[in-house]
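Residue-level structural notes
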Amino acid sequence: MRSSKTIHVISCHAEGEVGDVIVGGVAPPPGETLWEQRNFIARDQSLRNFVLNEPRGGVFRHVNLLVPPKSPEADAAFIIMEPEDTPPMSGSNSICVSTVLLDGGIVPMQEPVTEMVLEAPGGLVRVRAECRDGKAERIFVQNVPSFADRLDATLEVEGIGTLTVDTAYGGDSFVVVNAEALGFAIEENEAKDIARLGVRITNAANEQLGFSHPDNPEWDHISFCAFCGPLSATETGLTGRSAVAIQPGKVDRSPTGTAVSARMALMAARGQMSVGQEFLARSIIGSTFTGRIVAEETVGGRPAIRPEISGRAWVTGIHQHMLDPADPWPEGYRLSDTWGA
């Protein structure tokens, strides 16, 4: 078999959401910081297209590139590539990366607990992994500081009318809507409608509300729409269902770690959660992440929380993505039947 490039990937999913990890075959992108490297990946597009576009990828796939860390504190670093964005941070992807690093022997595993620091474009995250019999069974990630942006904002959505929404940051930026008010119970048969409506709400929120991270003005848009179900009390805090619509039109299969972080920041802003309490988030397929508020912090002078999220991930395969030099679609293709208009 001939190939002009070979990219080595360990495939993984965290509570249902794909988060493959490139472990070889790609040189680190240029940049003095991880954010500059992220910017190159986002601007250049060639790697994103090769691994995310069909025939190697698809709208369901996220891919993480392992790179040498820039921070002396970090054990490893990664750049996240999602269908439309190259985000600062991702909960499900950080859980996948941690699992691949440990299960794949890239970072030495210590049983029963391995601790490490990962560097994401949005900052350092501290990881604690519960390990047994050579498997990282549960990953705990202390996420970047998360905060409420707007509470009870008014949003006009064509064909729907006036909505009352929140916006928040949990390592990525969200518009948050009441799923029940829109007629959703967060069940599997609603996924297509949630995905399509979520993209419309996200686009409307960017046009009417906008977002700018106070410490990183380059992150100046809302990425996702989180449909949040009603909350109920547990012995350790709260629980609730949710579904996140991801551009260009899919639903996250996991509970979305950045959404859990953003929702806890909103609940903290409303006095519904405090330090030490937990939030059990359930996804559209019934999988769960557990969130916990570790500490109170500030971001750009505004109140914030330090969230911790935990979940499980499993390696699903090892792949070598290749490019035949005669392939007429070297960077793949996207069609509107799955990728949206």
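Up top is the structure these notes are about.
Residues numbered from 1 in each chain as written. Predicted model: local features only at pLDDT ≥ 70, side-chain atom pairs only at ≥ 80, totals over all residues. Heavy atoms only, no water.

A separate point is the overall build of the chain. Per the secondary structure count, the chain includes six helices and 19 strands. In terms of C-alpha radius of gyration, the chain reaches 19 Å, essentially the compact-globule figure of 20 Å for 341 residues. Burial statistics for the chain: of 341 residues in total, 54% are counted as buried. For the chain, the proportion of contacts with a sequence separation of at least 24, taken over those separated by at least 6, is 64%. Of the roughly 14,200 Å² of accessible surface on the chain, a fraction of 47% belongs to carbon and sulfur atoms. Between the mean site of the 28 positive side-chain charges and the mean site of the 44 negative ones, the chain shows a separation of 2 Å. (Helix = DSSP H or I, 4+ residues; strand = E, 2+ residues; numbered from the N terminus. Rg over C-alpha atoms; globule rule 2.2 N^0.38 Å. Buried < 20%, exposed > 50% of the residue type's maximum accessible area, 1.4 Å probe, protein only. Contact = heavy atoms within 4.5 Å. Areas by Shrake-Rupley, 256 points an atom, 1.4 Å probe, with all protein chains shown as cover. Lys, Arg positive; Asp, Glu negative; His and termini not counted. Charge placed at Lys NZ, Arg CZ, Asp CG, Glu CD.)

Quick look at the pattern of salt bridges now. Scanning the entire structure with this criterion turns up 15 salt bridges. The residue arginine 302 makes a salt bridge to aspartate 149 at a minimum N-O spacing of 2.9 Å. With a gap of 153 residues between them, arginine 302 in strand 18 (residues 302-311) and aspartate 149 in strand 9 (residues 147-157) connect regions that are remote in the sequence. Overall, arginine 302 belongs to the partly exposed group, its relative accessible area being 24%. Residue aspartate 152 is joined to arginine 270 by a salt bridge in which the shortest nitrogen-to-oxygen separation is 3.0 Å. Placement of aspartate 152 in strand 9 and of arginine 270 in the loop between helix 5 (257-269) and strand 16 (278-282) is noted, with a sequence separation of 118 residues between them. Taken together, the salt bridges that share partners define one network made up of Arg128, Arg292 and Glu308. (Salt bridge = Lys/Arg side-chain N within 4 Å of Asp/Glu carboxyl O.)

Over its 13 residues, helix 3 (residues 91-103) extends 18 Å from the first C-alpha to the last, a length consistent with the 18 Å expected when each residue adds 1.5 Å. Counting buried residues along helix 3, twelve of its 13 residues qualify, which places the element largely inside the surrounding structure. Taken as a whole, helix 3 has its buried residues at Gly91, Ser92, Asn93, Ser94, Ile95, Cys96, Val97, Ser98, Thr99, Val100, Leu101 and Leu102. (Expected span 1.5 Å × (residues − 1).)

This part takes up the nonpolar core. Formed by 70 residues in total, the largest nonpolar core has its most connected members in Leu118, Ile201 and Phe227. Ile7, Val51, Leu65 and Ile79 belong to the second-largest nonpolar core, a separate cluster that totals 16 residues. (Core = buried A, V, L, I, M, F, W, Y, C linked by side-chain atoms within 4.5 Å.)

Moving on: the packing of aromatic side chains. Here the structure, examined in full by the defined rule, presents seven aromatic pairs. Their ring planes at 25° and their centres at 5.5 Å tell us that phenylalanine 147 and tyrosine 169 sit as a pair that is stacked. Highlighted residues: phenylalanine 147 in strand 9 and tyrosine 169 in strand 10 (residues 161-169), separated in sequence by 22 residues. Classification of phenylalanine 147 as buried rests on a relative accessible area of 0%. Plain terms: the ring middles of tyrosine 169 and phenylalanine 211 are 5.9 Å apart, the flat faces sit at 5° to each other, and that makes the pair stacked. Taken together, the residues span a long stretch of sequence, with tyrosine 169 in strand 10 and phenylalanine 211 in the loop between helix 4 (191-208) and strand 12 (224-228) at a distance of 42 residues. Comparing tyrosine 169 with phenylalanine 211 shows no difference in burial state: the two are buried. What links up through ring pairs into an aromatic cluster is the set Phe147, Tyr169 and Phe211. Against the face of phenylalanine 140 rests arginine 128, its NZ or CZ located 4.1 Å from the ring centre. (Phe/Tyr/Trp six-rings, centres within 6.5 Å; stacked < 30°, edge-to-face > 60°. Lys NZ or Arg CZ within 6 Å of the ring centre and 35° of its normal.)

Along strand 14 (residues 237-246), nine of the ten residues are buried, which leaves the element largely enclosed by surrounding structure. Pairing geometry for strand 12 and strand 14, over five bridges, is antiparallel. Paired with phenylalanine 227 across the strands is alanine 243, a residue of strand 14. Here strand 13 (residues 232-233) pairs with strand 14 via two bridges, running antiparallel. When the sheet's bridge partners are listed, alanine 233 is paired in strand 14 with leucine 238. Connecting the antiparallel pair strand 13 and strand 14 is a turn made up of three residues. (Pairing = 2+ DSSP bridges.)

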